[in-house]
Amino acid sequence: MGSAFGCMPKEDLSGGVGSRSKRGPKSRSQRKMAASEEELLHRQALAMAIQQHQLSQRFEGSMSRRIGSTSSRRRDLPDSITNGKQQQLVLEDLETRKIILVHGEGFGAWCWYKIISLLEEVGLNPVALDLRGSGIDNTDPNGITTLADYSKPLTDYLHNLLDDEKVILVGHSCGGASISYAMECYPKKISKAVFLTATMVLDGQKPFDVFSEELASADVFLKESQFLVYGNGSDNPPTGLMFDKQHIRSGLYFNQSPPKDISLATVSMRTIPLEPIMEKLSLTPENYGMVRRFFIQTLDDRMLSPDVQEKLVRENPPHGIYKIKGSDHCPFFSKPQSLYKILLEIAQLP
């Protein structure tokens, strides 16, 4: 099962990532990190994200407990919920306080650390899971061949809920495929599903289809991509994708994110299992279609362009649409306050 933040043992963070600033000036050659040091930084960065309450950093100014109307712009579809004025949060009125955060391709539970802190401050119960082969899950991502296998930490979590317990699912990027699969498997345990600039596909579509207009068709991509990983040897089909550090830092995902979060991603992102995102989903009106869906668009996104996001909601209309101005593909880094307020509004919808 994937690792929830609240279940991880506490680690001593002294001398970790934050302590590096206490060291004296270094020469250019000394600043070049050796492979062993980089691996140590990787572990320290994950530990820091997991122990988010030990962070002293404050994001986007002081955090307020007062809940007002969301600062993001929203365009409602004709059949969507009316955008009324947001009321003071009353926890007893909520259908569920539990929000399950599902990361996208290459990420892990660590990427949600800002959102977890904000949601916990108002009494909600966020749970971030590592999908298989992601974050600190030790499964080799090159050996994950199905969406069911990749999403197993999420479906196991839902399976173990009490019969009358419900959650809100939030899926980022390719995590949209995992929450779609979970909606098909456990619709009665899901109150609402939130697609955060995510792969909200139709029945019979592949998650990769969402990106194909920008990345080229699957066949062309598999022949020409420099990001392919051949975990079973070069004579066998590719098993994964991995963006190198140069492309991660170039702004594909993080053109509006703070440098510290980009550094965290650089040492923490892992190989993306290839076959799950090339798998066609089977989604039915009786299961997947019974869960209310909401889509959050990011308007400065270079990974999944605003035009592609508009196409997704046009072809597969959700109950409501929210928009975040000035956000890249990772609003949990670039616009955490705006994302938090939207999730809070969705949680309060009856």
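This report concerns the structure included in the present document. (Residues numbered from 1 in each chain as written. Predicted model: local features only at pLDDT ≥ 70, side-chain atom pairs only at ≥ 80, totals over all residues. Heavy atoms only, no water.)

## Brief notes about the overall build of the chain
- Within the chain one finds 14 helices and 9 strands.
- Out of the 350 residues belonging to the chain, those deemed buried represent 54%.
- Pairs at least 24 apart in sequence give 76% of the contacts found in the chain among residues at least 6 apart.
- Surface accessibility of the chain: about 16,300 Å² in total, with carbon and sulfur atoms responsible for 48%. (Helix = DSSP H or I, 4+ residues; strand = E, 2+ residues; numbered from the N terminus. Buried < 20%, exposed > 50% of the residue type's maximum accessible area, 1.4 Å probe, protein only. Contact = heavy atoms within 4.5 Å. Areas by Shrake-Rupley, 256 points an atom, 1.4 Å probe, with all protein chains shown as cover.)

## A closer look at helix α5 (residues 152-159)
- Regarding α5, the residues found buried are P153, L154, T155, Y157 and L158.
- Looking at the buried positions of α5, the neighbouring elements they touch are β1 (98-102), β2 (125-129), α4 (147-150), β3 (167-172), α6 (175-185) and β4 (190-196).

## Some thoughts on the nonpolar core
- One finds W112, L154, F254 and F332 to be the most contacted residues of the largest nonpolar core, which totals 90 residues.
- A total of 7 residues in this core trace back to one element, the largest contributor, which is helix α14 (residues 336-348). (Core = buried A, V, L, I, M, F, W, Y, C linked by side-chain atoms within 4.5 Å.)

## Some words on the pairing of strand β9 (residues 320-324)
- Burial of β9 is extensive: 5 of the 5 residues sit out of reach of the surface.
- Covered by surrounding structure in β9 are G320, Y322 and I324 together with I321 and K323, the residues of both alternating faces.
- Of the strand pairs in this sheet, strand β8 (residues 292-298) and β9 are connected by 5 bridges, and their pairing is parallel. Bridging from a neighbouring strand, T298 pairs with I324 of β9.
- Tracing the backbone out of β8, into helix α12 (residues 306-315) and back to the parallel element β9 gives a crossover that is right-handed. (Pairing = 2+ DSSP bridges. Right-handed = clockwise from strand over helix to strand, strands pointing away.)

## A look at the packing of helix α3 (residues 113-121) against α14
- Across the interface, α3 lies against α14 with an axial gap of 10 Å and an inter-helix angle of 50°. Taken together, the axes of α3 and α14 are oblique relative to one another. Taken as a pair, α3 and α14 cross one another with a handedness that is right-handed. Each of K114, I115, L118 and L119 in α3 lies in contact with α14, whose residues at this interface are P336, Q337, L339, Y340 and L343.
- Taken together, the residues of the contact of α3 with α14 break down into 7 nonpolar, 1 polar and 1 charged. (Axes fitted to C-alpha atoms, helices over the stretch in contact; angles between N-to-C directions. Parallel < 35°, antiparallel > 145°, perpendicular 65-115°, else oblique. Left-handed = near helix turned anticlockwise from the far one by under 90°. Nonpolar A, V, L, I, M, F, W, Y, C, P; charged D, E, K, R; others polar.)

## Brief notes about the sheet that holds strand β7 (residues 272-273)
- Strands sit in the order β5-β6-β7 across an open sheet of 3 strands; the sheet is antiparallel. Two strands in the sheet have a free side with no partner beyond their single neighbour: β5 (228-229) and β7.
- In terms of strand pairing, strand β6 (residues 240-241) meets β7 through 2 bridges, oriented antiparallel. Bridged to L241 within β7 is I272.

## Side note on the packing of α5 against α6
- Interaxial distance between α5 and α6 falls to 10 Å at its minimum, and their mutual angle equals 35°. Once α5 is placed against α6, the crossing between them reads as right-handed. Between α5, through L154, T155 and L158, and α6, the contact on the second element is made entirely by S178, I179, Y181 and A182.
- When grouped by side-chain class, the residues that make up the contact of α5 with α6 number 5 nonpolar, 2 polar and no charged.

## Some thoughts on the side chain of T266
- Along the chain, the position of T266 falls in helix α10 (residues 259-268).
- When sequence neighbours within four positions are dropped, the list of residues in contact with T266 reads K245, I248 and R249.

## Regarding α14
- Taking 1.5 Å of rise per residue, 13 residues should cover 18 Å, and α14 covers 18 Å from first to last C-alpha, within 8% of that figure.
- In terms of burial, α14 is a largely internal element, 11 of the 13 residues being buried.
- Turning to α14, its buried residues are P336, Q337, S338, L339, Y340, I342, L343, L344, E345, I346 and A347.
- Check the buried side of α14 and you find it contacts α3, β3, β4, β8, β9 and α13 (331-334). (Expected span 1.5 Å × (residues − 1).)

## So, the packing of aromatic side chains
- For the structure shown, the criterion picks out 12 aromatic pairs.
- Taken together, a centroid distance of 6.1 Å and an interplanar angle of 80° make the contact between F107 and F254 edge-to-face. Residue F107 is located in the loop between β1 and α3, and its partner F254 is located in the loop between α9 (245-249) and α10; the two are separated by 147 residues in the primary sequence.
- Residue class for F254 comes out buried when judged on its relative accessible area of 3%.
- Judged by centre distance (5.7 Å) and plane angle (35°), the rings of Y253 and F254 are tilted.
- Of the aromatic side chains, those joined through ring pairs into one cluster are F107, W110, W112, Y113, F227, F243, Y253, F254, F332 and F333. (Phe/Tyr/Trp six-rings, centres within 6.5 Å; stacked < 30°, edge-to-face > 60°.)

By themselves, these observations are geometric and do not establish any function.
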